[in-house]
Amino acid sequence: MKYKVMVGLEMHCEISETNTKVFSGAANLYTDKPNVNIRPVDMAFPGTLPVVNKEAVRKALMASMILNCRQPEYLYFERKNYYYPDLPKGFQITQETKPAPIGIYGKLKFECDGEAKEVRINNLHLEEDAASSDHMARTSKINYNRAGVPLLELVTEPDIRSADEAVAFLETMRSIYQYAGISEADSKKGQIRCDVNVSLMEEDKDETNPENWGTKIEIKNVNSFGGVRDAINYEIERQTALKESGEYEKMEQQTRRWDEESGTTIFMRSKVDAIDYKYFVEPNIPKIKLSSEWLEQIRKEIPRLANERKETYINEYGISNYDATILVKEKLVADFYEEAISLGADPKSASNWITTNLLGSLNKLELTITDITLTPEMLASLIKLVENKEISSKQAKEVFADCLTSGKTPKEVVKEKGMVQMSDTTEIVRIANEVLDENPDVIEQYKKGRTNVVDFLVGQIMKKTRGTANPTIARSTMALEIEKR
Amino acid sequence: MGYMSKSILEIHEALKNGEVTSEELVKEAIQKSHEVNEKCNAFVTILDDVKGSKVTDDLLSGIPYGVKDNYSTKGVLSTGSSNTLKDYVPFFNATAIENLTNRGAVMVNKTVLDEFGMGGTGTTGHTGIVKNPWDTSKMCAGSSAGSAAAVAAGVYPYATGSDTGDSIRKPAAYCGIVGYKPTYGMISRYGLFPFASSLDHCGALTRSVEDAAIAVDGMKGIDLNDMTSWDSKDINLFESLNDDVKGKKLCYVKEICDIANYPDASDELKKHLANFMKMVDKCRELGMEVEEVSVDQKLLEAQPSVYVVISCAEATSNMSNLTGFIFGPRSEGDTWEEEMVNYRTKGFSPLIKRRFVIGSYVLQAENKDRYFHNAQRVRRLLVDRWNELFKKYDAVILPVGSGPAKPLEGSSDMLDKQTQILEDHLQIGNFGGFPSITIPDGFVNGLPVALNITGKCYDDVNVLNIAYALEKNMDYKNQIAKEVQ
């Protein structure tokens, strides 16, 4: 018997690109220093009140629009009540599907291994993150920097059919968050966290009828895309084995935990033990009317996303689909590329430099594009140097390697290394004639048909210019000048 | 006879004339605080070392006042009269206190309340029972018990209070003074320890309508830290006072005021209601129209339960920040759960725990619609009914409670079923956020009784003017408690 895999995702992504937290005036800034970005409300000191960050709402609405969700007429927030040391208020301010979250019933197209896919979005809501805790043997440490950081939770329908599809979807979402300026979406900074729902159903049954669906198993706190892939694959294997042994139907709806070390999922609680969060509308935040003008303005402000940019690169710049895909994979790389072009770099050369040299070097040096000193301006200037034949492409690679982290500009490196090619034709003509004047015998040999003496004469130009003359120009000039004799 | 039993205007004049200094006033207030504490147990903290302040043109400058102990006061113990915060010294001021401080007002003590405002007797604070200065065998009512006792005893001309059900207006009645809760959001709640956020109001207890206007002028103002606050800079309550009330229309509710509703009426109740009707006649003498209106008995009967459900639900959630981890005396325990449970079990009084249980119960998924949502629906119906009255009438005038202060002996927070609506109707003012003021309107068996005037939202000036005119034509303005035997 074959089974159809049904995967639904809950993706939490911090909105990192606001100045302040979602209900607090504290800085929304990732830092290694614990407990520095805190206002009294982040630690729930008695009497403190939440104040909604309009920019966080704007960004959340933008995400809602990109996901083709409906936006609510009024914005409400709800309290989700539970006790945990990393939740200072004893409740999280979040949104429920009723009355209306920031986005509801959307869909998103994405690509997995070159195949077009679509996933329905059940809802998107804006909430606050909890503090982070570090558990030691006898004690725990709590860091409140993260408490109150804006968080977007996206809930999909179970439309995903494999671990690869899940990861492709998540990568698309990450790209959207980055391109829309909503979040760095950096899982290394803990900005992305996922819960994964996995169930199996008989392959030949109708998937549009929920009665045919299998038992929903929720896996909590998967914190990397690799983890998502492994957790889904593990769960498919585990559930398939249960199907085969006939135990699947006996299994109750449950929540499990992904254990990265063992690469397994571990039982946490069954549905009957589900926590009652006692939701109710947050009374300290009046319901906020979202004007259609504001929504329209936000819609207009949606930046060009990866797909749109990719199309431009292919259609307008003549970049291959393969290279264009590489260029848009990370927004910062695409931004770098576009800035270089806007500064006059040839789009194809810039693409070549970035996809081969730049990304290759970053990979080799284990750096990110933010770690380097090479700027788009420097890349554009380097490309110009080659175009103008001031340096050879071989020299250019050397210059590039130097500029990557030295803080020097290509021109500085070229000068420092004495690489500048003499491309001033008048000057080369003058020197060529000087060489000819000094070598009348060689001219004679040339006239007798020994054309290879030109090599010697070009060599003399190079000698006189201490190697700085552009060799191609030197050769063509010499060929012309000797003919005049 | 000192200055502290005088009105704010009189004291201000004396300060301006140089008759007395702020320093001397503070000294008098501190000395009186100790006397009254001895007799009534009204204070959690008396600020013996506090200094006077500079006298300016601001009416409140240089003048001592008291602060209910559920206001966050920077550097000064703020307990909410609870063991859970018995050692809590905040590092920030509530906005209302900050506003008063900026005007040069001088806080001289922190007054006892029912634990976190959750009580109507003044007997549940962690420092013990507050006694009524008119008769120490009687209660002050609550929860602003200490503030009411202190103002009535002449410690200072005003004290701050908070009012979730009737916590300013009921103790004011029992102590023969004025209690005023302005429109929801006129005074910021930032820094007020929350009880039930959608019902909580800040306000003042004074000995005259004029002082109430001056005190609230000093506390109010829009606050970026409280999204429910609104801009009232165009409203100057004190300067708007005007006793010309000719042609104003008032109404009273038959189902609350008619003695025929109370077949087992006590002698006190009969006298109280008869006195109230005399005041209604007085209103007519002043040129106001007063009509009797009828409100659905069922709606009125549901009102106290609606209050219990909503206030307990919000309170349960609001007080989830009290865990002993961040503030408050931390408890022992082997796990964080144990520490938290021990702290809350030891710290809260049984009355509060009872309310938490109710609050949790009504929010549970299986009960939420039946209790919490229904309570919200009835709240809406009551508010709609009152708003309907406000279309026709400038204000609703009603008697406060079922008579004068109740005895401490044998008191409980459980109220007599038959007179429950008389005792609880002021909560409608909290349901709607209506401006509401209680003023003394006579004596029953030697103890003060009071009436209440409530108007529509943002119509504070009108409500105050009606009270101002009425007060002028009665003999209870600026009265100081005289102990009755």
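Residues numbered from 1 in each chain as written. Chains lettered and ligands numbered in written order. Predicted model: local features only at pLDDT ≥ 70, side-chain atom pairs only at ≥ 80, totals over all residues.

Caption draft 1: Main features of the overall build of chain B. Counting its regular elements, chain B contains 15 helices and 13 strands. Here the C-alpha atoms of chain B give a radius of gyration of 21 Å, agreeing with the 23 Å that 2.2 N^0.38 yields for 485 residues. C-alpha atoms of chain B, sized along the principal axes, occupy 70 × 65 × 45 Å. Taken over 485 residues, chain B has a buried fraction of 60%. (Helix = DSSP H or I, 4+ residues; strand = E, 2+ residues; numbered from the N terminus. Rg over C-alpha atoms; globule rule 2.2 N^0.38 Å. Buried ≥ 20, exposed ≤ 12 C-beta atoms within 10 Å, placed from the backbone.)

Caption draft 2: Local environment of the confidence of the model for chain B. The share of residues in chain B with pLDDT of 70 or more is 99%, and the mean pLDDT across the chain is 96. This complex was scored by the predictor with a pTM of 0.89 and an ipTM of 0.96. (pLDDT = per-residue confidence, 0-100.)

Caption draft 3: Helix H8 (residues 347–365) of chain A, seen in detail. Residue and element names in this part refer to chain A. Helix length check: H8 (19 residues) gives 25 Å between terminal C-alpha atoms against 27 Å at 1.5 Å per residue, within 8%. Along H8, the sharpest change in direction is near 35 degrees and occurs at Ile 354. Turning to H8, its buried residues are Ser 349, Ala 350, Ser 351, Trp 353, Ile 354, Thr 355 and Leu 358. Close packing links the buried residues of H8 with helix H6 (321–329), helix H7 (331–342) and helix H9 (376–387). Downstream of H8 by one or two residues, Glu 366 has phi in the positive range, about 50 degrees. (Expected span 1.5 Å × (residues − 1). Bend = angle between axes of the 7 residues up to and from the residue. Contact = placed C-beta atoms within 7 Å.)

Caption draft 4: Representation of the pairing of strand E3 (residues 106–111) of chain B in the model. Residue and element names in this part refer to chain B. By the criterion of burial, E3 is predominantly enclosed, with six of the six residues buried. Bridge count between strand E1 (residues 43–46) and E3: three bridges; the pairing is antiparallel. Each residue of the ladder has a partner; that of Ile 46, found in E3, is Asn 109. Where strand E2 (residues 64–68) and E3 come together, five bridges link them in parallel fashion. Looking across to E3, one finds that Pro 64 is bridged to Val 106. With helix H3 (residues 95–102) bridging E2 and its parallel neighbour E3, the resulting β-α-β unit is right-handed. (Pairing = 2+ DSSP bridges. Right-handed = clockwise from strand over helix to strand, strands pointing away.)

Caption draft 5: The arrangement of the domain arrangement of chain A in detail. Segmenting chain A into domains produces domain 1 (3–296), domain 2 (304–416) and domain 3 (425–484). With centres defined by C-alpha atoms, the gap from domain 2 of chain A to domain 3 of chain A works out at 37 Å. (Domains from an automatic or database assignment.)

Caption draft 6: Highlighting the sheet that holds strand E4 (residues 91–94) of chain A. Residues and elements named next belong to chain A. Read across the sheet, three strands follow the order E4-E3-E14 without closing on themselves; strand pairing throughout is antiparallel. What marks the edges here is a single partner per strand, and that holds for E4 and strand E14 (280–281). When strand E3 (residues 78–81) meets E4, the two strands line up antiparallel, connected through four bridges. Following the sheet pairing, Lys 80 is matched in E4 by Gln 92.

Caption draft 7: Focus on the interface of chain B and chain A. Taken together, the contact pairs 34 residues of chain B with 24 residues of chain A. Looking at which element gives the most residues to the side of chain B that touches chain A, the answer is helix H9 (residues 297–318) of chain B, with three residues.

Caption draft 8: Representation of the sheet that holds strand E1 (residues 3–14) of chain A in the model. Residues and elements named next belong to chain A. The strand order across the open sheet formed by eight strands is E5-E6-E9-E1-E10-E11-E12-E13, and the pairing between neighbours is mixed. Edge positions in the sheet fall to strand E5 (103–112) and strand E13 (264–270), since each of these pairs with one other strand and no more. Pairwise comparison of adjacent strand axes, ignoring direction, gives a mean angle of 30 degrees for this sheet. In the sheet, E5 pairs with strand E6 (residues 115–128) via nine bridges, with the strands oriented antiparallel. Residue Cys 112 lies in a different strand from E6, and its bridge partner there is Glu 115. Lying over the sheet, helix H2 (residues 163–179) contacts E1, E5, E6, strand E9 (150–156) and strand E10 (192–202), oriented at roughly 110 degrees with respect to E5. (Axes fitted to C-alpha atoms, helices over the stretch in contact; angles between N-to-C directions.)

Caption draft 9: Seen up close, helix H3 (residues 225–244) of chain A. Residue and element names in this part refer to chain A. For H3, spanning 20 residues, the distance from its first C-alpha to its last is 29 Å, which sits close to the expected 28 Å at 1.5 Å a residue. Taken residue by residue, H3 has Gly 227, Val 228, Ala 231, Ile 232, Tyr 234, Glu 235 and Gln 239 as its buried positions. For H3, the secondary structure elements touched by its buried residues are E1, H2, E10, strand E11 (217–222), strand E12 (254–259) and E13. One or two positions beyond H3, positive phi appears at Gly 246, with a value near 80 degrees.

Caption draft 10: Region of the structure containing the nonpolar core. With 238 residues, the main nonpolar core has Ala 148 and Ala 149 of chain B as its most contacted residues. Here this core gets nine residues from one element, more than from any other, and that element is H2 of chain A. When we break this core down by domain, the ones giving at least three residues each are domain 1 (3–296) and domain 2 (304–416) of chain A. The residues contacting Ala 149 of chain B, other than those within four sequence positions of it, are Val 36, Cys 40, Ala 42, Val 130, Asn 132, Pro 133, Cys 140 and Cys 175 of chain B. (Core = buried A, V, L, I, M, F, W, Y, C linked by C-beta atoms within 7 Å.)

Caption draft 11: Expanded view of unusual backbone geometry. For the bond running from Gly 142 of chain B to Ser 143 of chain B, omega is 10 degrees, close enough to zero to count as cis. The backbone of Tyr 105 of chain A shows a phi angle near 50 degrees, a positive value even though the residue is not glycine. Note that Tyr 105 of chain A resides in strand E5. The phi dihedral of Asn 445 of chain B falls on the positive side, at around 50 degrees, and the residue is not glycine. The topology assignment puts Asn 445 of chain B in the loop between strand E12 (436–444) and strand E13 (447–454).

Caption draft 12: Up close: the packing of H6 of chain A against H7 of chain A. Residues and elements named next belong to chain A. Contact geometry of H6 with H7 gives a least axis separation of 5 Å together with a crossing angle of 110 degrees. As summarised for this structure, H6 and H7 are arranged roughly perpendicular, according to the angle between their axes. Of the residues in H7, those in contact with Leu 327, Val 328 and Lys 329 of H6 are Val 333, Ala 334 and Tyr 337. (Parallel < 35°, antiparallel > 145°, perpendicular 65-115°, else oblique.)

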